[in-house]
Amino acid sequence: MHTGHPFGRSHVLLTGCLLLMPALDAAPAQSINISDGNAPLERCDQLQISFDNRPALRDEEAIQLPVGAEPLTVNLAHHGGIGLREGSANQHEITLCKAVPDDRGADLAAIRAVVNGSSVEVAGPAGNRWAGYVIVRSPRGSHVSLSATNGPVRAESFEGQLNVRTTNGPIALMHVRGKVTARAENGPVKIEGDGGNVSVETQNGPIGVRLMGTQWQTGDLVARAQNGPLSVELPDQYRSGVEIESSGHAPWSCDVDCGTRDNDAGTRRARLGDGPTHVKLSTVNGPVKVR
């Protein structure tokens, strides 16, 4: 799976390019490649999907679910990904983008969205190769929970209550506000924005933060990387206080004056900005880069 270097330009990590290899006993040179690009994701035809470097056969399915007391839950346990944007309708609009190898066209009909109340999962042909990418458009203020295994999750231009979890896949949060929690195991997280109550944690994965504007406008951003590097990019004259912390032995690279200090507890800290602290970033067993 390729997600780009965590210290690269922001669009690299936001691409959510996914390269999936089969089990060790499968035939050699088999792979599934899914790229969701850099543009805002709204349609299935924006996805590039191939099997063994050959274009996939494609289909799609659209469903609508009402906004209720329970959160919309989308769980993707197979190869694919999830993209969330704020929608203009007063309901959840969901598109399942289906793909199979070009010699398995009959399997497209077996890929389907399985809806149970406000929960959506994706099922497909057992024992065969296939992919399902779910595009979600939800109204402002709604509650959405997204989880994926072996695939990326990206959320952009959304305000509401959002929970995201991935295993072996990246998370991208772009201009997402409200109450947001994101947890990635064995995958990176990229954050770009200027507000919201956002809590992010990685286990064995990097965190990249790009702060926009002149301050963190609402709430707090708290991000912690366990066994992964931390990259922070902030504009000149950023007013909100930004606290950065690492293990004392971790290397730092600063394009600005970080003014790092070590304490007796073996922790290295820096504080940027003159205003109240609304951004707290830390890493354990990982380097820090500030620019």
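Residues numbered from 1 in each chain as written. Predicted model: local features only at pLDDT ≥ 70, side-chain atom pairs only at ≥ 80, totals over all residues. Heavy atoms only, no water.

Student: Explain the pattern of salt bridges to me, please; I cannot follow it from the model alone.
Tutor: Oppositely charged side chains can form a pair if their charged atoms are brought close together. On inspection of all chains with the given rule, the structure shows 20 salt bridges. The residue D107 makes a salt bridge to R104 at a minimum N-O spacing of 3.0 Å. A salt bridge links R154 to E156, with the shortest nitrogen-to-oxygen separation between them at 3.0 Å. With relative accessibility at 3%, the residue R154 sits in the buried group. When its relative accessible area of 6% is taken as the criterion, E156 is described as buried. One salt-bridge network, held together by shared partners, links D36, E42, R85, R154 and E156. (Salt bridge = Lys/Arg side-chain N within 4 Å of Asp/Glu carboxyl O. Buried < 20%, exposed > 50% of the residue type's maximum accessible area, 1.4 Å probe, protein only.)

Student: Where do I start with the side chain of S50 in this structure?
Tutor: Topologically, S50 is positioned in strand β3 (residues 48-51). Those residues in contact with S50 that sit more than four places away from it in its chain are S31, I32, N33, P55 and A56. (Helix = DSSP H or I, 4+ residues; strand = E, 2+ residues; numbered from the N terminus. Contact = heavy atoms within 4.5 Å.)

Student: Where do I start with the state of the cysteines in this structure?
Tutor: In protein structure, a disulfide is the covalent linkage between the sulfur atoms of two cysteines. Scanning the entire structure with this criterion turns up 2 disulfides. A sulfur-sulfur distance of 2.0 Å marks the disulfide that ties C44 to C97. Where C44 bonds to C97 through sulfur, the torsion about that S-S bond is close to -85°, and the disulfide is left-handed. Taken together, the residues C44 in the loop between β2 (32-35) and β3 and C97 in strand β8 (residues 91-100) connect sequence positions 53 residues apart. Across the pair, exposure class does not vary: C44 and C97 are buried alike. (Disulfide = S-S within 2.5 Å.)

Student: Where do I start with the environment of Y238 in this structure?
Tutor: For Y238, the location among the structural elements is in the loop between β19 (230-233) and β20 (241-247). Taking the C-alpha atoms as reference, Y238 lies 8.9 Å from G275; in sequence the two are 37 residues apart. Among all residues touching Y238, those that are not within four sequence positions of it are L211, M212, G213, T214, Q215, W216 and G273.

Student: Quick question: what am I supposed to make of unusual backbone geometry here?
Tutor: Phi is mostly negative for residues that are not glycine, and the peptide bonds are mostly trans. One non-glycine residue, N150, lies in the positive phi region at around 60°. Non-glycine residue H175 carries a positive phi angle of around 55°. Among the structural elements, H175 can be located in strand β14 (residues 171-185). A residue is classified by how much of its surface remains accessible, and H175, at 37% relative accessible area, is partly exposed.

Student: Where do I start with the pairing of β19 in this structure?
Tutor: Across a regular strand the side chains alternate sides, sitting on one face of the sheet and then on the other. Where strand β17 (residues 207-211) and β19 come together, 4 bridges link them in parallel fashion. Paired with R210 across the strands is E233, a residue of β19. Direction of pairing for β19 relative to strand β25 (residues 288-290): parallel, over a ladder of 3 bridges. Residue pairing for β25: L230 is matched across the bridge by V288. (Pairing = 2+ DSSP bridges.)

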